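Structural overview
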Amino acid sequence: MALRDRLISASKRVFSPEARNWVVRQQRRYRLQWPRRGSVDFGHLYRTTPISPIFGLDRGQPIDRYYIERFLEASVADIRGRALELGDPYYIEKFGGDRVDRIDVLHVVDGNPAATIVADLTRADHVASDLFDCIIFTQSLQMIYDMRAALRTLHRILKPGGVLLLTSHGISKIGRRLGRDPWGEYWHITTQSAERLMAEAFPGGEVEVRSWGNVLAAVCALHGIVAEEIDARDLDVRDPDFEVLVTARARKSG
């Protein structure tokens with residue numbers, strides 16, 4: 001597969017679009033694809049409903065959470081001082097260690113016993129500025145309609161030099177929360193949109209955006225097939241055309 005992809009990439013550099021289109025027409029005409037059209041074995045995937053309707057939570061570690069943990073593992077030095085996480089402190093406790101002095105938990109509505117701050121990030125003037133050394137904000141930006149307002153708040157409540165570690169869905173099943181918090185899911189993020197959003201929200205800061213995943217990981221994530229069922233070497237292959245997860249590390253200037 002890697003050889004085929006390299007050959008395709010090389011052909012794009014050597015042959016004109018017209019020549020490449022002619023080759024594609026001949027492939028269709030003489031059935032020169034591999035596997036041949038009509039011969040693909042779908043196995044358990046030939047179905048109109050996912051294998052797991054809840055992202056694979058009933059099977060093991062969902063694919064997006066595998067990538068989230070890889071991202072946070074690479075960012076452990078940023079998880080320090082006074083740290084904030086949305087919903088619960090799971091990732092702060094898992095990756096922060098003794099670098100963290102104080103843990104805060106943010107929730108959008110009352111009723112979460114773990115929450116130390118209740119706030120809607122799009123209108124959170126009651127939360128003081130320059131509070132946190134690190135904010136872990138996973139899989140939530142897409143649930144906020146006014147993303148720019150939320151990112152401005154996250155930037156404001158970070159200390160100068162503080163770091164936001166953010167993840168968001170790329171290719172994904174819609175995450176519905178019927179009967180729970182009044183959230184929707186309004187956006188799916190790409191690296192291009194994330195780069196522009198983060199640059200706007202963190203003027204003068206340092207922003208690093210990347211994607212995680214490939215076509216295999218995307219198919220597995222959509223079906224709820226989990227990390228334990230896939231070779232980690234395959235999950236770790238990065239294909240920028242298949243953004244299963246988008247991550248951003250943004251450091252506030254100063």
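Before any of the text, the structure's been laid out above.
What counts and how
- Residues numbered from 1 in each chain as written.
- Predicted model: local features only at pLDDT ≥ 70, side-chain atom pairs only at ≥ 80, totals over all residues.
- Heavy atoms only, no water.
- Buried < 20%, exposed > 50% of the residue type's maximum accessible area, 1.4 Å probe, protein only.
- Helix = DSSP H or I, 4+ residues; strand = E, 2+ residues; numbered from the N terminus.
- Arc of directions from axis to C-beta.
- Contact = heavy atoms within 4.5 Å.
- Polar contact = N/O pair within 3.5 Å; in protein donor to acceptor, adjacent residues only side chain to side chain.
- Core = buried A, V, L, I, M, F, W, Y, C linked by side-chain atoms within 4.5 Å.
- Pairing = 2+ DSSP bridges.
- Right-handed = clockwise from strand over helix to strand, strands pointing away.
- Axes fitted to C-alpha atoms, helices over the stretch in contact; angles between N-to-C directions.
- Parallel < 35°, antiparallel > 145°, perpendicular 65-115°, else oblique.
- Left-handed = near helix turned anticlockwise from the far one by under 90°.
- Nonpolar A, V, L, I, M, F, W, Y, C, P; charged D, E, K, R; others polar.

Take helix α6 (residues 191-201) next. Turning to α6, its buried residues are Thr191, Ala194, Leu197, Met198 and Ala201. Seen end-on, α6 carries its buried residues on one side only, within an arc spanning 125°. Structural note: α6 exposes Gln192 and Arg196 on the side pointing more than 90 degrees away from its buried face. On the buried face of α6, the contacting elements are α5 (147-157), β5 (158-169), β6 (206-212) and β7 (245-251).

For the rest of this paragraph, the subject is the side chain of Gln139. Inspection of the secondary structure assignment puts Gln139 in the loop between β4 (132-138) and α5. Gln139 gets classed as buried once you look at its relative accessible area, which sits at 15%. At 2.7 Å, the side chain of Gln139 forms a polar contact with the side chain of Thr167. A distance of 3.3 Å separates polar atoms of two side chains, one belonging to Gln139 and the other to His169. In contact with Gln139, other than residues within four places in its own chain, are Asp64, Ile68, Thr167, Ser168, His169 and Leu245.

A separate point is the nonpolar core. Of all hydrophobic cores here, the largest spans 32 residues; its most connected members are Phe132, Ile135, Phe137, Leu151 and Leu164. Of all the secondary structure elements, the ones that give two or more residues to this core are β1 (81-86), β4, α5, β5, α6 and β7. The element best represented in this core is α5, accounting for five residues. Excluding residues that lie within four positions of it along the chain, Phe137 makes contacts with Leu86, Leu121, Ile144, Leu154, Leu164, Leu165, Leu166 and Thr167.

Buried residues dominate β4, accounting for seven of its seven residues. In this sheet, β4 lies alongside β1 in parallel orientation, the contact comprising three bridges. Pairing of Glu85 across the sheet is with Ile136, part of β4. The pairing of β4 with β5 spans six bridges and is classified as parallel. Across the sheet, Phe137 pairs through a bridge with Leu166, a residue of β5. The handedness of the β4 to β5 crossover, carried by α5, is right-handed.

Each packed pair of helices is defined by two parameters, the angle between the axes and the distance between the axes. The geometry of α5 relative to α6 is characterised by a closest axis approach of 9 Å and an angle of 50° between their N-to-C directions. It follows from the interaxial angle that α5 and α6 lie oblique. Along this stretch, α5 crosses α6, giving a crossing that reads as right-handed. Together, Met147, Arg148, Leu151 and His155 of α5 and Leu197, Met198, Glu200 and Ala201 of α6 make up the contact between the two elements. Taken together, the residues that form the contact of α5 with α6 break down as five nonpolar, one polar and two charged.

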